[in-house]
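# Notes for the structure review
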Amino acid sequence: MTTEAQVETVSMPAAQMVEVEVKRWHGAADGRVFGWQLLPVKEALRLQEDTFRCPECLGRVRLRPASAEKQTEAYAEHYSKNTGCSLGGHFAGEKHLHPKPLN
Ligand SMILES: [Zn+2]
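Residues numbered from 1 in each chain as written. Predicted model: local features only at pLDDT ≥ 70, side-chain atom pairs only at ≥ 80, totals over all residues. Heavy atoms only, no water.

### Structural notes on the pattern of salt bridges
We apply this condition: A side-chain nitrogen of Lys or Arg and a carboxyl oxygen of Asp or Glu constitute a salt bridge if their distance falls within 4 Å. The numbering of helices and of strands both runs from the N terminus, where a helix is a DSSP run of H or I of at least 4 residues and a strand a run of E of at least 2. Think of it in three bands: residues with accessible area under 20% of the maximum for their type are buried, residues over 50% are exposed, and the middle band is partly exposed, with areas taken using a 1.4 Å probe on protein chains only.
A full pass over the atoms with the stated rule returns 5 salt bridges. Glu21 is the salt-bridge partner of Arg53, the closest N and O atoms lying 2.7 Å from each other. With a gap of 32 residues between them, Arg53 in strand S3 (residues 52-53) and Glu21 in strand S1 (residues 19-26) connect regions that are remote in the sequence. Here Arg53 matches Glu21 in class, with each residue buried. Lys95 is the partner of Glu56 in a salt bridge, and the nearest nitrogen-oxygen pair spans 3.9 Å. With Glu56 in the loop between S3 and strand S4 (60-64) and Lys95 in the segment after strand S5 (75-78), this residue pair connects regions lying 39 residues apart in the sequence. Judged by relative accessible area, which is 26%, Glu56 ranks as partly exposed. Overlapping salt bridges bring together Arg62, Arg64 and Glu77 as one network.

In structure tokens form, the structure reads like this:
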């Protein structure tokens with residue numbers, strides 16, 4: 001099984017984005033606030049929303065459901081890649097905000 005582990009390391013060199021932010025009402029009943037809420041991609045997939053952003057660089061992301069076929073978990077990826085985000089797979093080594101962050 002050592003070969004299997006090696007393949008996994010090679011095919012996923014970057015950190016996966018497994019959490020995203022969505023703008024919605026959240027919080028307790030007596031303290032509801034409208035704003036960005038961090039939640040797992042798995043949960044985000046169940047929402048009737050189409051706007052999600054990266055919790056690190058604030059760039060817009062799209063959700064990818066888990067695939068049994070490809071043996072991947074649900075994750076998110078940037079619409080336009082950001083070399084300044086460590087959650088993308090295009091990270092150049094220095095963190096900076098997305099050129100078009102969602103606010
Ligand atoms: Zn990002």
